[in-house]
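Residues per chain, in single letters:
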Amino acid sequence: MIRVGLLGPPDRLEIGRLSLRLEERGVEPVLLDSRRPPEFEITAGSVRALGEDLLALRGLMVIDLGLPATGDGTAESVAASRRHLAGWNAALEALEGRVRVVNPPQSHELHGLKPFETLDYQWRGLPVPETVATSSPEGFDRLPAFTHGTIRKSLVGGLDFTEAVEDGPTADRERLLAERGAVLIQRRIVGDNVRVFVLDGRVLGAAAIIPANPAATDSRRGESLVRRVKMPVATEQVVLAAVEASGMVFAAVDLMREGASGRDYLLECNSAPFFVAFEKASGFDIASPLADYLAARRGGTRSEALGPQPRR
Ligand SMILES: Nc1ncnc2c1ncn2[C@@H]1O[C@H](COP(=O)(O)OP(=O)(O)O)[C@@H](O)[C@H]1O
Ligand SMILES: [Mg+2]
């Protein structure tokens, strides 16, 4: 029987949904609980973690590596977290070419490199909002005064909400930098936040996430509505190029669609996105094609891998 590993906390809805989609296809989901100690054993012949030989899996979905919290900041807790990460990185790297790993380990670090990610897209000629990363108050002056102002966000993706920058005196900037260390500031795009799911070079669906509170800068704050949107061919090319640059196979790409111009600006690619709520709100099926991909033989098609398709 074909077996596909799902690495993450078992109560994450994405793991439950993928398990279901795999079972419907006659594939066995192997739950790898990332909250447990990984107990790695990497030898010439096997790559073991969490009691499983990972080389015996057809595919492996990485939702969360369960890195131990370094919240108390002691040297020992930081070292323990680094050892855990190194173990997983080595194990996942050793699967390269043998097991379909979604997403490849090199792409996991991207959310910790937000200023680089933005620059990399810009260097590739992809449209991103004008951006500066800075730890000094003068850095704020590197961006011109935009009609709709600027926003700031954390240098590490997903750690903080995006907020409008109030153009106050230098003391305000110093206070912000003292609190945050360094920030990424960016031209504010007035329009809709659009999320696009991509798998294996193909768009699975795109929808705008519209906050119930129209004054919210960050569309993830509070309640929101989800509305399917059309993807202009040019935007689709931008999105696919960004995902390719990110090294991901599966990604949720965040864009801002400017209301006045209709132009789409690239924000980031997310490697382990939440998709269950998105499926429900948009009606797009994300988990089925993902299950097909994870269960397919490398280089082969799904029907070769699985035989006749189940009816649903
Ligand atoms: N330049 C911008 N202009 C307006 N809103 C933005 C801008 N950048 C981000 N946002 C809002 O903030 C949210 C989070 O930003 P994002 O770049 O996706 O960072 P992350 O999700 O890693 O925190 C976006 O989904 C969007 O709603
Ligand atoms: Mg985002």
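Rules used throughout
Residues numbered from 1 in each chain as written. Chains lettered and ligands numbered in written order. Predicted model: local features only at pLDDT ≥ 70, side-chain atom pairs only at ≥ 80, totals over all residues. Heavy atoms only, no water. Near = heavy atom within 4 Å. Polar contact = N/O pair within 3.5 Å; in protein donor to acceptor, adjacent residues only side chain to side chain. Nonpolar A, V, L, I, M, F, W, Y, C, P; charged D, E, K, R; others polar. Domains from an automatic or database assignment. Donors = N, O, S within 2.8 Å, 3.2 Å for Na, K, Ca; no water. Helix = DSSP H or I, 4+ residues; strand = E, 2+ residues; numbered from the N terminus. Buried < 20%, exposed > 50% of the residue type's maximum accessible area, 1.4 Å probe, protein only. Pairing = 2+ DSSP bridges. Patch = residues over 30% accessible without salt bridge, like charges linked within 9 Å, V, L, I, M, F, W, Y side chains within 5 Å. Areas by Shrake-Rupley, 256 points an atom, 1.4 Å probe, with all protein chains shown as cover. Salt bridge = Lys/Arg side-chain N within 4 Å of Asp/Glu carboxyl O. Phe/Tyr/Trp six-rings, centres within 6.5 Å; stacked < 30°, edge-to-face > 60°. Lys NZ or Arg CZ within 6 Å of the ring centre and 35° of its normal. Expected span 1.5 Å × (residues − 1). Contact = heavy atoms within 4.5 Å. Core = buried A, V, L, I, M, F, W, Y, C linked by side-chain atoms within 4.5 Å. Axes fitted to C-alpha atoms, helices over the stretch in contact; angles between N-to-C directions. pLDDT = per-residue confidence, 0-100.

Draft legend 1. View of the site of ligand 1. Near ligand 1 you find 21 residues, and of these K153, R187, I189, N193 and E268 are the closest. Here an oxygen atom of ligand 1 sits 3.0 Å away from a polar atom, N or O, in the main chain of S219. Take E268: an N or O atom from its side chain is 2.8 Å from an oxygen atom of ligand 1. Here the shell around ligand 1 is composed, by residue class, of five nonpolar, seven polar and nine charged. Counting only domains with at least three residues in the shell around ligand 1, you end up with domain 2 (126–187) and domain 3 (190–284).

Draft legend 2. Region of interest: the domain arrangement of the chain. What the domain assignment reports for the chain is domain 1 (3–103 + 294–306), domain 2 (126–187) and domain 3 (190–284). Using C-alpha coordinates to define each centre, domain 1 is positioned 36 Å away from domain 2.

Draft legend 3. Broad picture of the coordination of the magnesium ion (ligand 2). Donor atoms from the polypeptide that bind the magnesium ion (ligand 2) are D254 (OD) and E268 (OE), placed at 1.9 to 2.2 Å. On the criterion of sequence distance, the pair formed by D254 in strand 15 (residues 250–258) and E268 in strand 16 (residues 264–270) is long-range, its members being 14 residues apart.

Draft legend 4. Layout of the pairing of strand 11 (residues 183–187). Among the five residues of strand 11, five are classified as buried, and the element is accordingly described as predominantly covered. Of the pairings in the sheet, the one linking strand 9 (residues 150–153) to strand 11 comprises four bridges and is antiparallel in character. If you follow I151 over to strand 11, its bridge partner there is Q186.

Draft legend 5. Spatial organisation of a nonpolar patch on the surface. A cluster of nonpolar side chains, namely L113, F116, L119 and W123, defines an oily patch on the protein surface of about 420 Å² accessible area. Counting through the fold element by element, W123 comes out in helix 3 (residues 114–123). Take W123: its relative accessible area is 61%, and that puts it in the exposed class.

Draft legend 6. Up close: the packing of aromatic side chains. Using the criterion set out here, one finds five aromatic pairs in the structure. A ring pair is formed by F278 and F284, whose centres lie 6.4 Å apart and whose planes are at 15 degrees; its orientation type is stacked. Like F278, the residue F284 is buried in the burial classification. Through pairs of rings, three or more aromatic residues link up here, namely F197, F250, F275, F278 and F284. In this structure, R12 packs its charged tip against the face of F274, placed 3.8 Å from the ring centre. Looking at R228, its charged tip hangs above the ring of F284, at a distance of 3.7 Å from the centre.

Draft legend 7. How the structure looks around helix 2 (residues 75–95). The terminal C-alpha atoms of helix 2 lie 30 Å apart, and with 21 residues this matches the ideal 30 Å at 1.5 Å per residue to within 8%. Among the structural elements, strand 1 (3–8), strand 3 (41–42), strand 4 (47–49), strand 6 (59–62) and strand 7 (100–102) are those in contact with the buried residues of helix 2. Of the residues trailing helix 2, G97 is marked for its positive phi of about 80 degrees.

Draft legend 8. Representation of the nonpolar core in the model. Counting residues in hydrophobic clusters, the biggest one holds 29 residues, and the most contacted among them are L18, M61, F197, F250, F275, I286 and L290. Listed by contribution, the elements that provide at least two residues to this core are strand 1, helix 1 (13–24), strand 12 (191–199), strand 13 (202–211), strand 15, helix 6 (276–282) and helix 7 (287–295). The element contributing the most residues to this core is helix 7, with six residues. A domain-level breakdown of this core finds at least three residues from each of domain 1 (3–103 + 294–306) and domain 3 (190–284). Apart from the residues within four sequence positions on either side, F197 is in contact with R202, V203, L204, G205, F250, A251, A252, P273, F274, F275, F278 and I286. Membership of the second largest hydrophobic core comes to 21 residues, among which are Y121, V128, V229 and V253.

Draft legend 9. Inspection of the sheet that holds strand 4 at higher detail. Strand order in the open sheet made by the three strands is 3-4-5, with antiparallel pairing throughout. Sheet topology places strand 3 and strand 5 (52–53) at the edges, where each strand pairs with a single neighbour. In terms of strand pairing, strand 4 meets strand 5 through two bridges, oriented antiparallel. When the sheet's bridge partners are listed, R48 is paired in strand 5 with D53. The strands that helix 2 touches are strand 3 and strand 4; relative to strand 4, the one it contacts most, it runs at about 140 degrees.

Draft legend 10. Quick look at the confidence of the model for the chain. Mean pLDDT for the chain: 91, with 95% of residues reaching 70 or above. pLDDT under 50 marks residues 301–312. Its contacts with residues more than four places away, or in other chains, come to 25 contacts.

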